[in-house]
Amino acid sequence: MMSDALRAVILGIIEGVTEFLPVSSTGHLLLAERFFNLGEGNFWNSFSILIQLGAILAIVALYFGKLWRVALGMFSNAEDRRFVIGLLVSFLPAAVIGAAAGHYIKAYLFNPWVVCFSLIVGGAILLWVDQLELDPHEHDATTFPLPMYLAIGFAQCLAMIPGVSRSGATIVGAMLLGADKRAAAEFSFFLAIPTMVGAFAYEFYKNRADMSLDHTGIIAIGFVVSFVTAMIVVKTFLTYVTRHGFTLFAWWRVIVGTLGLVALAMGR
C-alpha cells in the first residue's frame, strides 16, 4: 500500500505542474485520486486545495519585486493603485459565485465524467484560439482597462467546473479581450493569488476538525513539492507559450479526457 508521504509527493507534483498550465489542476487531481487511489476521505478531498498555497507562493517568489513595488506604491502611485483595484474587481465574481454556489458545484459537478468532458471541450477551445488571427493591443497585465479585468473575472468563474482550468479560462478570456499571450498568462498568475488564498482559507476553516498533527506533516510535504514544481513550470511556461502557443496543452487535455472516458466506460 502506498504511504501517505509518497501520496503527498505525487499529488504535490501534479498540483505544481498543472496549476498554472491551461490543463486543469483540479481535474488532474480528481482523476489521479479516482484511477490511482491517491486520496479518499475528507482530509484527502481537502488536501489538493490546501497544497495550492505552495504553488501560489511560487508566484509570489518569482514576481516578488513587482508585487512588492505595487504593495508599496498602491497608496501613493495611481497606476499601482489602479492595478490593485483591477485585481480585486477581477477576483470579485469568483468570490461571490463561489460563496453562493460552491456547495452545489462540489455536490453535482465534482465527478470524473464532468472532468473528462471538460478537458476535451477545453482542449478544442484552446486549439480554436490558437488558430485565430488576434490583434492584441494590451501588452502589460498591470494596465488592462477595468471592464476588461471584470470580464476576465467572470471568465475565471467557468473554472469552477472541474476540468475547465482556471488558468486556461483566464488566459483565453484575456486574449479574446485583447491581451497578448504573455500578458494574459501573467495576469492569470496574479489573479491566482487572491483566488487561491481565499480557497485555501475557506477549505482550511471548513475542515479544521479533520486536521491533526499527523496531517500537518503530510500537508507540508505536498506544500513544498508543489512550490518547487510550480517554480520550475512557471519559469518555462511563459517562454514556451509565447513562442509555440497552446497546441501541446490542448492535445494533452484531449488525450487525458478521452482516456478517462474510456476507463470510466470500462467500469474503472
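Note: the structure precedes this text.
A brief look at the structure comes next. (Residues numbered from 1 in each chain as written. Predicted model: local features only at pLDDT ≥ 70, side-chain atom pairs only at ≥ 80, totals over all residues. Heavy atoms only, no water.)

### Some points on the layout of surface pockets
Put simply, the largest pocket is a space of about 930 Å³. As for the largest pocket, its lining consists of 38 residues, of which I49, G98, M160, T195 and A199 are closest to the centre. Where the lining of the largest pocket is concerned, the elements lending two or more residues are α2 (25–36), α6 (78–109), α8 (146–157), α9 (166–176) and α10 (181–206). Ranked by the residues each element gives to the lining of the largest pocket, the list is headed by α6, at 11 residues. Among the residues forming the lining of the largest pocket, the class breakdown is 19 nonpolar, 14 polar and 5 charged. (1 Å grid on protein atoms, 1.4 Å probe; cavity = no way out; pocket = protein on both sides within 12 Å on 5 of 7 lines; lining within 4 Å. Points joined across faces, edges and corners; volume = space filled by probe spheres on them. Helix = DSSP H or I, 4+ residues; strand = E, 2+ residues; numbered from the N terminus. Nonpolar A, V, L, I, M, F, W, Y, C, P; charged D, E, K, R; others polar.)

### Quick notes on the packing of aromatic side chains
Counted under the stated rule, the structure contains 12 aromatic pairs. Seen from their ring centres, Y63 and F190 are 5.1 Å apart, and the 75 degrees between their planes marks the pair as edge-to-face. Taken as a pair, Y63 in the loop between α4 (52–62) and α5 (64–73) and F190 in helix α10 lie far apart in primary sequence, 127 residues in all. F190 carries the same exposure label as Y63, and that label is buried. Geometrically, the ring pair formed by Y149 and F187 is tilted, given 5.1 Å between the ring centres and 45 degrees between the ring planes. Taken together, the positions of Y149 in helix α8 and F187 in helix α10 put the pair 38 residues apart, joining distant regions of the chain. With a relative accessible area of 0%, Y149 lands in the buried category. (Phe/Tyr/Trp six-rings, centres within 6.5 Å; stacked < 30°, edge-to-face > 60°. Buried < 20%, exposed > 50% of the residue type's maximum accessible area, 1.4 Å probe, protein only.)

### Things to note about the packing of α2 against helix α7 (residues 112–131)
Interaxial distance between α2 and α7 falls to 10 Å at its minimum, and their mutual angle equals 135 degrees. Judged by the angle between their axes, α2 and α7 are oblique. For the element pair α2 and α7, the recorded crossing hand is left-handed. Contacts between α2 and α7 pair G27, H28, L30, L31 and R34 from the former with P112, V115, C116 and L119 from the latter. (Axes fitted to C-alpha atoms, helices over the stretch in contact; angles between N-to-C directions. Parallel < 35°, antiparallel > 145°, perpendicular 65-115°, else oblique. Left-handed = near helix turned anticlockwise from the far one by under 90°. Contact = heavy atoms within 4.5 Å.)

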